[in-house]
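Structural features, examined
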Amino acid sequence: GAGVSQSPSNKVTEKGKDVELRCDPISGHTALYWYRQSLGQGLEFLIYFQGNSAPDKSGLPSDRFSAERTGGSVSTLTIQRTQQEDSAVYLCASSLAIYRQYFGPGTRLTVL
Amino acid sequence: AQTVTQSQPEMSVQEAETVTLSCTYDTSESDYYLFWYKQPPSRQMILVIRQEAYKQQNATENRFSVNFQKAAKSFSLKISDSQLGDAAMYFCAYYYSGNTPLVFGKGTRLSVIA
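Bear in mind that the values here come from a model prediction, so they are computed numbers and not experimental data.

**Notes on the interface of chain A and chain B**
The interface is formed by 24 residues belonging to chain A together with 20 residues belonging to chain B. For the pairing of chain A and chain B, the buried interface totals around 1,800 Å² over both sides, and the portion due to carbon and sulfur atoms is 53%. Taken together, the connections running from chain A to chain B amount to 0 salt bridges. Where chain A packs against chain B, one counts 7 residue pairs in polar contact (both at pLDDT 80 or more). Of all elements in the fold, only β4 (31-37), β5 (43-50), β8 (88-95), β9 (101-103) and β10 (107-111) of chain A reach the threshold of two or more residues within the side of chain A that touches chain B. Classifying every residue of the side of chain A that touches chain B by side-chain character gives 11 nonpolar, 10 polar and 3 charged.

Here's what the structure looks like:
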């Protein structure tokens, strides 16, 4: 079956612009995670959705970052007023079993 | 807070040889999971192997095996008979609860020399 998909694959934007990154999880997966991978770093947790529960936003670095998950499926990560330090690969993962996360290919964001 | 440390930013191995990647972690929990993920240039994170902390037996998946030392909080990955396709970033990760994300180390870049 289809895995986790993310779009766009690459995004180049200018400083100060808003961007939206999309994640389509595996059908039926109740949990969805967003991570950020900066150059030379590991993956940094951003936000977590589990079913209909309130999302865990504890990893969001600033109030310029937000995310929503519509209908328990597709998720959009929005970064407002982008800064150069936002340049990174943004990875999405979904899971059904608590210990098995499936990752998408990521979106590489470049802020000029 | 849980932390995961990978002390080897880069490693290299000759094709067909064996290499071991190191990982240590810090936690006060007794029941948790540990993982090794592979990230090739395609950026796709691929689960290599998983270890449940309550299991004493080390996990094995074909050419990949782990040395899990719970008391020492150490979780190393051994790759046997290394192949060119094993070249990638390898991340060690920790997970302990259904309501928490994975905690990742900073990764080890593995090069395989033909």
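**Some points on the packing of aromatic side chains**
For the coordinates displayed, the defined rule picks out 18 aromatic pairs over all chains. Where Phe103(A) meets Phe104(B), the ring centres are 6.2 Å apart and the plane angle is 75 degrees; that geometry is what we call edge-to-face. Highlighted residues: Phe103(A) in strand β9 and Phe104(B) in strand β11 (residues 103-104), drawn from two different chains. For the pair Phe103(A) and Phe104(B), one class covers both residues: buried. Here the aromatic rings of Phe91(B) and Phe104(B) are separated by 6.3 Å at their centres, their planes lie at 85 degrees, and the arrangement is edge-to-face. Taken together, the residues Phe91(B) in strand β10 (residues 88-95) and Phe104(B) in strand β11 connect sequence positions 13 residues apart. Of the two residues examined, Phe91(B) and Phe104(B), each falls in the buried class. Members of the aromatic cluster, each reached through a chain of ring pairs, are Tyr33(A), Tyr35(A), Phe45(A), Tyr48(A), Phe103(A), Tyr33(B), Phe35(B), Tyr37(B), Phe91(B), Tyr95(B) and Phe104(B).

Quick notes on the rules
Residues numbered from 1 in each chain as written. Chains lettered and ligands numbered in written order. Predicted model: local features only at pLDDT ≥ 70, side-chain atom pairs only at ≥ 80, totals over all residues. Heavy atoms only, no water. Contact = heavy atoms within 4.5 Å. Buried area = accessible area lost by both parts, 1.4 Å probe. Salt bridge = Lys/Arg side-chain N within 4 Å of Asp/Glu carboxyl O. Polar contact = N/O pair within 3.5 Å; in protein donor to acceptor, adjacent residues only side chain to side chain. Helix = DSSP H or I, 4+ residues; strand = E, 2+ residues; numbered from the N terminus. Nonpolar A, V, L, I, M, F, W, Y, C, P; charged D, E, K, R; others polar. Phe/Tyr/Trp six-rings, centres within 6.5 Å; stacked < 30°, edge-to-face > 60°. Buried < 20%, exposed > 50% of the residue type's maximum accessible area, 1.4 Å probe, protein only.

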